[in-house]
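Structural features, examined
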Amino acid sequence: MFPERLTEGYQHFLDGRFQTESRRYQKLAEKGQNPEIMLIGCCDSRVSPEVIFDAGPGEMFVVRNVANLVPPFEADTESSYHGTSAAIEFGVNGLNVKHIVVLGHASCGGVKAFHDNAKPLSQGDFIRKWMSQIEPVAERLGASTGDYKADLKRLELAVVEASLNNLMTFPFIRRRVEAGEIELHGAYFGVATGLLYLRNPASGHFEPCLEQ
């Protein structure tokens, strides 16, 4: 049986948002999408970009994976699959987005699994293989501070920065950044607090998005 929660939600969508935004949906269907913002976020169910940024249909091109990771550019892709890289390629070269936001968040399960050297969830151990990308990131951070929560947050923030750095390994992104045609942004969302922090490109520090 299809989950009742989804059926009820769909009915609510039909009766509510779809009715009020029907012209917008029709326009999107006829003319296609043209978002200026691409957002790379985590697949964590608590961190929905569309909810956090109150975005409507067609406003953001969203890519989600475990721990909002951007793999480095690879020229030879014949023997592997690159879902995130394919989405980046389409967002930049197909949709011509003007901004790419990497959105990290507190209490990230993928980062925690790496930090804790968690046991595999399946024989394939896909999470460990995926999260192994941040091994050099963790090494650069150095020894533990002795504060478990602080160490996790430090790694979560470092993952956002690593993804931003990896975006610049894509030649078509670097060219556009250097030409002033696209901007890269790092952000971090507090699940419990609702607070959003933005990475200051000059200092590398994450600062509150809004004054409290």
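What counts as what
Residues numbered from 1 in each chain as written. Predicted model: local features only at pLDDT ≥ 70, side-chain atom pairs only at ≥ 80, totals over all residues. Heavy atoms only, no water. Phe/Tyr/Trp six-rings, centres within 6.5 Å; stacked < 30°, edge-to-face > 60°. Buried < 20%, exposed > 50% of the residue type's maximum accessible area, 1.4 Å probe, protein only. Pairing = 2+ DSSP bridges. Helix = DSSP H or I, 4+ residues; strand = E, 2+ residues; numbered from the N terminus. Axes fitted to C-alpha atoms, helices over the stretch in contact; angles between N-to-C directions.

With that settled, consider the packing of aromatic side chains. Counted under the stated rule, the structure contains seven aromatic pairs. Measuring from ring centre to ring centre gives 5.6 Å for F13 and F18, while their planes differ by 50 degrees; the resulting arrangement is tilted. Judged by relative accessible area, F13 falls into the partly exposed class, the value being 27%. In this structure F18 comes out as partly exposed when scored by relative accessible area, which is 30%.

We now examine the sheet that holds strand β5 (residues 196-199). Overall, mixed pairing links the six strands, which are arranged β2-β1-β3-β4-β5-β6 in an open sheet. Looking along the sheet, the strands with just one partner apiece sit at the ends: β2 (60-65) and β6 (206-208). The sheet shows a mean angle of 25 degrees between the axes of neighbouring strands, direction not considered. Relative to β2, strand β1 (residues 37-42) runs parallel, the two being bridged by six bridges.

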